[in-house]
Amino acid sequence: MKPVSLPELQALLGKLRISANTAELAQAHGHTLKTRAQAHPLEQLRQLLSDAGLKDIQAAILPWRRLDPRRLPALLWLEEQWWLAERPAPGRITLSRDGATPRECTEDALHEAEVLWLRGPTRHSSDDAQEEQGNPALRMVWHELLRSRGWIPRVVMATLLVNLLAIPTSIFAMQVYDRVVPTMAYATLATLTVGMLLMVGLDWLLKTLRAHILDSVTCGMDQRLSQRVYEHLLRLQLDQQPRSLGTLAAQVGALDSVRQFFSSSIIFALVDLPFALLFIGLIALIGGHIGWVYAGILPVALLIGLYTRLRLRRLTRQQMMRSNERQGLLVDSIRGAESIRASHAGWRFAQDWQKLSQSIAGYSIQQKSLTHFSATTTASLSTLAYVAAIVVGVWQVEAGHLTMGGMIACSILGGRVIAPIAQGVQYLVQWQQVSESLQMVNGLLKLNPERRPQQTLLLPERQPETLAVEQLRFAFSHSPLQLLNLPRLEFKSGERVLLLGPVGGGKSTLLKVLAGLYRPSEGRVRLGDADLWEIDPQLVSTQVGYLPQSVQLFKGTLRSNLALSGAVSDSAMLETARALGLDQIAAGSPQGMDMEISEGGEGLSGGQRQLVGLARVLMARPRIWLLDEPTASLDGDAEARVWQQLQQLLRPEDILIVSTHRPMAAMPLATRVIVLQQGQVSRDGRPDQVMPGLMTRAGGSPITTPATPSATAAPQQPSALQLRQVRVQPQTATPAPTTSTPAATPDAMAAQTQE
């Protein structure tokens, strides 16, 4: 790999908006090539940036298949040259370099390339800091709504003109009644009519343009809000997620009602409401005391809206809670349909659904009653205001202070006063529902992401040689039960570790903590020399591969589920599929690798889904392999193929940690065995030290295990393999003696356990 070329580096810095002095950068580039000609390109680049005064920039080299394409632009090593790679659109990559014609290619064509990625100084925006406090959902909505403020003066000006055009309508009526009707002046009537037609046309045009502008603004806001909330959901710490899927789905969906409220005609209402005061002033100017009629209705309508909002607060909260519970029941019923049917428990779920529906219906009736009360009362007040205005107008006409045309004009202007007031009352009522939705979204946005927004992440250039935990304790935030308590545990380069233990011993939890999915309640996880939670997740994903106990497949094709993590070459995919037997699944479908996969992988067996998950890890080729029950759903032949493939792919410096309840098949690989009980290490040592004390045949004879890995096929697992419970020690227990143990009696044998 050649040193980074100066033109491409300058272009990348420009794309990243990192200011650099061209002369200093060129001088530093030449000096680095002379003094560190034999160094690695990454070390050369770091020295170059330091000499050029760019000390806050971090760099890392990643394989293309492990890079998030959204992190582009970056430098790409391809065809023995450095290229500037950009992503103008999803699935399209633009490559350019000095002296060459830019070209486009697909992401799949770059699977063998290396990427040099730069991260500039962290810019902490005030919006990110403020979202940590207060009402982040409301602040986020306003921030996105006001992101581009150029539309505000246009909408305000259009609304101003629309409201001003309402005045000629009342003047037209007043002139017709006062001048045209008494004298039958048809020429004046024709002139006034033509003028009103022009006004109506202008009013229609302004309202159409105003609606088009607001629709464009809200469409962009909708996309950005949905994307931000969804990406926040993807970045959440898994141990911080709500335990109820119904609640989580409702929190994400609550944003829709908030967005609709702020992107609807409330913008017009906020602008129209001040004009209600203007129209009241015009009515007072034309009709005198008639203005007091409409001025009096304003506070009464606001009091009705506030009263309704206060009454709706408790009802709305209770209804949302019940709706969340019903949503969770629906999700559980769909996911567990087989268990419900097999257990004949449908009646119980139907009964729970009926109770929740009845509760929701009760709250809904009370809500609708209050809403109808508010709307009906406001409409009645509007009618009373109109009647009172006519009555007061008659007195004004009798006193000679008002003409008949003036009274008609006041009634027309009165309609422009009543409309925004009635809308304001309805928006006060709706605001209570929106505020509850905001609280639900806040509950999601306030959950901790996997990395803090202001955190400066590390990008270590060296591959990790160790994975260790120090003073580790873990418990879920909603539970007092401590699942892990490990003062110290270290895994070194080249180790092949088996995690054994009873159900609930903490094996799966430990693997999730080591993979960075769960954050320790206390203590730390060290990946190499750095804290795992201080390293960029993009880099962690290139070094740590994790296979969960339950593999999740997604709607798409077999190919898309295999290449879930990024671009994978077809040859690597086919080779892995053939080694694991997945090619037989594709061969059984006319679409081959493009066979359709439904949500959750329905249609595939548990073993087939597990093979797909294994294939993802095998194709990623991580430095640290964390496998949770990798062969639990496989038959003997498939299990043998998996262990054989792992033996072939594991590099001497790789770390393998496997949680399993079928340890005999993995013995040829194992160099270390750890037994976890109640979240603590009870035994830790070589297989020939630990296994004889844990495993016995049904007849009581001890089992001998190889002390070193062997390339031969895995031995057949005994038919009655059983694990003996051992007492938990406060520290790492002393390894079991190497001598064979006496035959175990039936009373001493513990039942085989699974996690």
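Note that the coordinates shown come from a computational prediction; the quantities given were computed from them, not determined experimentally.

What counts and how
- Residues numbered from 1 in each chain as written.
- Predicted model: local features only at pLDDT ≥ 70, side-chain atom pairs only at ≥ 80, totals over all residues.
- Heavy atoms only, no water.
- Helix = DSSP H or I, 4+ residues; strand = E, 2+ residues; numbered from the N terminus.
- Buried < 20%, exposed > 50% of the residue type's maximum accessible area, 1.4 Å probe, protein only.
- Contact = heavy atoms within 4.5 Å.
- Areas by Shrake-Rupley, 256 points an atom, 1.4 Å probe, with all protein chains shown as cover.
- pLDDT = per-residue confidence, 0-100.
- Pairing = 2+ DSSP bridges.
- Axes fitted to C-alpha atoms, helices over the stretch in contact; angles between N-to-C directions.
- Phe/Tyr/Trp six-rings, centres within 6.5 Å; stacked < 30°, edge-to-face > 60°.
- Parallel < 35°, antiparallel > 145°, perpendicular 65-115°, else oblique.
- Left-handed = near helix turned anticlockwise from the far one by under 90°.
- Nonpolar A, V, L, I, M, F, W, Y, C, P; charged D, E, K, R; others polar.
- Core = buried A, V, L, I, M, F, W, Y, C linked by side-chain atoms within 4.5 Å.
- Salt bridge = Lys/Arg side-chain N within 4 Å of Asp/Glu carboxyl O.
- Expected span 1.5 Å × (residues − 1).
- Bend = angle between axes of the 7 residues up to and from the residue.
- Patch = residues over 30% accessible without salt bridge, like charges linked within 9 Å, V, L, I, M, F, W, Y side chains within 5 Å.
- Polar contact = N/O pair within 3.5 Å; in protein donor to acceptor, adjacent residues only side chain to side chain.

The secondary structure content of the protein chain amounts to 22 helices and 20 strands. Relative to its 755 residues, the protein chain shows a buried fraction of 46%. Across the protein chain, the fraction of contacts at a sequence separation of at least 24, relative to all contacts at a separation of at least 6, is 75%. In the form shown here, the protein chain has an accessible surface area of approximately 37,300 Å², with 55% of it arising from carbon and sulfur atoms.

This part covers the confidence of the model for the protein chain. Segments scoring low in pLDDT should not have their predicted coordinates read at a detailed level. Mean pLDDT over the protein chain: 79, with 86% of residues reaching 70 or higher. Long-range and interchain partners of residues 697–755, a stretch whose pLDDT sits below 50, account for 119 contacts in this model, where long-range means more than four residues apart.

Moving on, we get to the sheet that holds strand β15 (residues 624–628). Strand pairing in a sheet is mediated by backbone hydrogen bonds. Such pairs are either parallel or antiparallel. In space, the 6 strands of this open sheet follow the order β12-β15-β16-β9-β17-β18, with mixed pairing throughout. Across the chains shown, the open sheet's two edge strands, defined by having one partner strand only, are β12 (544–547) and β18 (680–685). This sheet shows a mean twist of 15° between the axes of neighbouring strands, independent of strand direction. One ladder, built from 4 bridges, connects strand β9 (residues 496–500) with strand β17 (residues 672–677); its direction is parallel. Bridging from a neighbouring strand, Val497 pairs with Arg672 of β17. Its contacts with the sheet put helix α15 (residues 507–514) on β9, β12, β15, β16 (655–659) and β17, and the angle it makes with β15 is roughly 150°.

Tallying each qualifying case throughout the model produces 5 aromatic pairs. With a centroid separation of 6.3 Å and an interplanar angle of 75°, the aromatic rings of Tyr307 and Phe373 are classed as edge-to-face. Of this pair, Tyr307 sits in helix α11 (residues 290–335) while Phe373 sits in helix α13 (residues 346–399), and the two are 66 residues apart along the sequence. You can call Tyr307 partly exposed: its relative accessible area is 40%. A ring pair is formed by Phe474 and Phe476, whose centres lie 5.2 Å apart and whose planes are at 75°; its orientation type is edge-to-face.

Let's shift gears to unusual backbone geometry. The backbone phi angle of Glu79 is positive, close to 55°, even though this residue is not glycine. Owing to a relative accessible area of 53%, Glu79 belongs among the exposed residues under this scheme. With a phi close to 55°, Gln678 is a non-glycine residue in the positive phi region. With respect to the helices and strands, the residue Gln678 is situated in the loop between β17 and β18.

With respect to the helices and strands, Gln327 occurs in helix α11. Along the primary structure Gln327 and Trp353 are separated by 26 residues, whereas in three dimensions their C-alpha atoms are 9.7 Å apart.

What follows is about the sheet that holds strand β8 (residues 484–492). Taken in spatial order, the 4 strands line up as β8-β7-β10-β11 in an open sheet, and their pairing is antiparallel. Looking along the sheet, the strands with just one partner apiece sit at the ends: β8 and β11 (530–531). Strand direction decides the pairing type here: strand β7 (residues 466–474) and strand β10 (residues 522–527), joined by 5 bridges, are antiparallel. From the neighbouring strand, Glu470 faces β10, where its bridge partner is Arg524.

Packing of helix α2 (residues 22–35) against helix α3 (residues 41–51) leaves a shortest axis separation of 8 Å and a crossing angle of 140°. Compared by their axis directions, α2 and α3 come out oblique. In this structure, α2 crosses over α3, and the sense of that crossing is right-handed. Across from Leu25, Ala28, His29, His31 and Thr32 in α2, the residues of α3 making contact are Gln44, Gln47, Leu48 and Asp51. Residues belonging to the contact of α2 with α3 are distributed by class as follows: 3 nonpolar, 5 polar and 1 charged.

The next point concerns the nonpolar core. Nonpolar side chains in soluble globular proteins tend to end up buried together. Among the nonpolar cores identified, the biggest contains 52 residues, and Leu76, Leu626 and Ile657 are the most heavily contacted of them. In this structure Leu76 touches Trp64, Gln81, Trp82, Trp83, Ala85, Leu95, Leu110, Ala113, Glu114 and Val115, once residues within four positions along its chain are discounted. In terms of nonpolar packing, the next biggest core, distinct from the first, is built from 48 residues, Leu498, Met573, Leu580 and Val642 among them.

This part takes up the pattern of salt bridges. The tally for this structure, following the rule as stated, stands at 19 salt bridges. Salt-bridge contacts for Arg559 lead to Asp594; the nearest nitrogen and oxygen are separated by 3.3 Å. Residue Arg559 is located in helix α17 (residues 558–562), and its partner Asp594 is located in the loop between α19 (582–587) and β14 (596–597); the two are separated by 35 residues in the primary sequence. Take Asp594: its relative accessible area is 39%, and that puts it in the partly exposed class. For Arg662, the salt bridge goes to Glu639, with nearest N and O atoms at 2.9 Å. With Arg662 in the loop between β16 and β17 and Glu639 in helix α21 (residues 636–649), this residue pair connects regions lying 23 residues apart in the sequence.

Another point: helix α7 (residues 166–183). End to end, α7 covers 26 Å across 18 residues, agreeing with the expected 26 Å (1.5 Å per residue, within 8%). Along α7, the sharpest kink reaches roughly 40°, centred on Val176. The set of residues buried in α7 consists of Ala166, Ile167, Pro168, Ser170, Ala173, Met174, Val176 and Val180. Backbone geometry just downstream of α7 places Met184 in the positive-phi region, at approximately 55°.

What follows covers a nonpolar patch on the surface. A grouping of Met157, Leu160, Leu161, Leu164 and Leu278 is seen on the molecular surface, where their side chains present a nonpolar patch of about 380 Å² in accessible area. With 4 residues, helix α6 (residues 151–164) is the largest single contributor of residues to the nonpolar patch. Along the chain, Leu164 turns up in helix α6. The exposure class of Leu164 is partly exposed, given its relative accessible area of 35%.

Checked against the element boundaries, Gln610 lands in helix α20 (residues 606–620). At 2.9 Å, the side chain of Gln610 forms a polar contact with the backbone nitrogen of Ser633. When neighbours within four sequence positions are excluded, Gln610 is seen to be in contact with Gln549, Val551, Glu629, Pro630, Thr631, Ala632, Ser633 and Leu634.

Glancing now at the pairing of strand β4 (residues 92–96). Of all the 5 residues making up β4, 4 are buried; the element is thus mostly covered by neighbouring parts of the structure. Bridging between strand β3 (residues 81–89) and β4 involves 4 bridges; their strand directions are antiparallel. Residue Leu84 lies in a different strand from β4, and its bridge partner there is Ser96. Joining the antiparallel neighbours β3 and β4 is a turn of 2 residues, in which Gly91 adopts a positive phi near 90°. In the sheet, β4 pairs with strand β5 (residues 103–106) via 4 bridges, with the strands oriented antiparallel. When the bridges of β5 are listed, Leu95 appears paired with Arg103. Hairpin remark: β4 followed by β5, antiparallel, with 6 residues in the connecting loop; positive phi at Gly99, about 85°.

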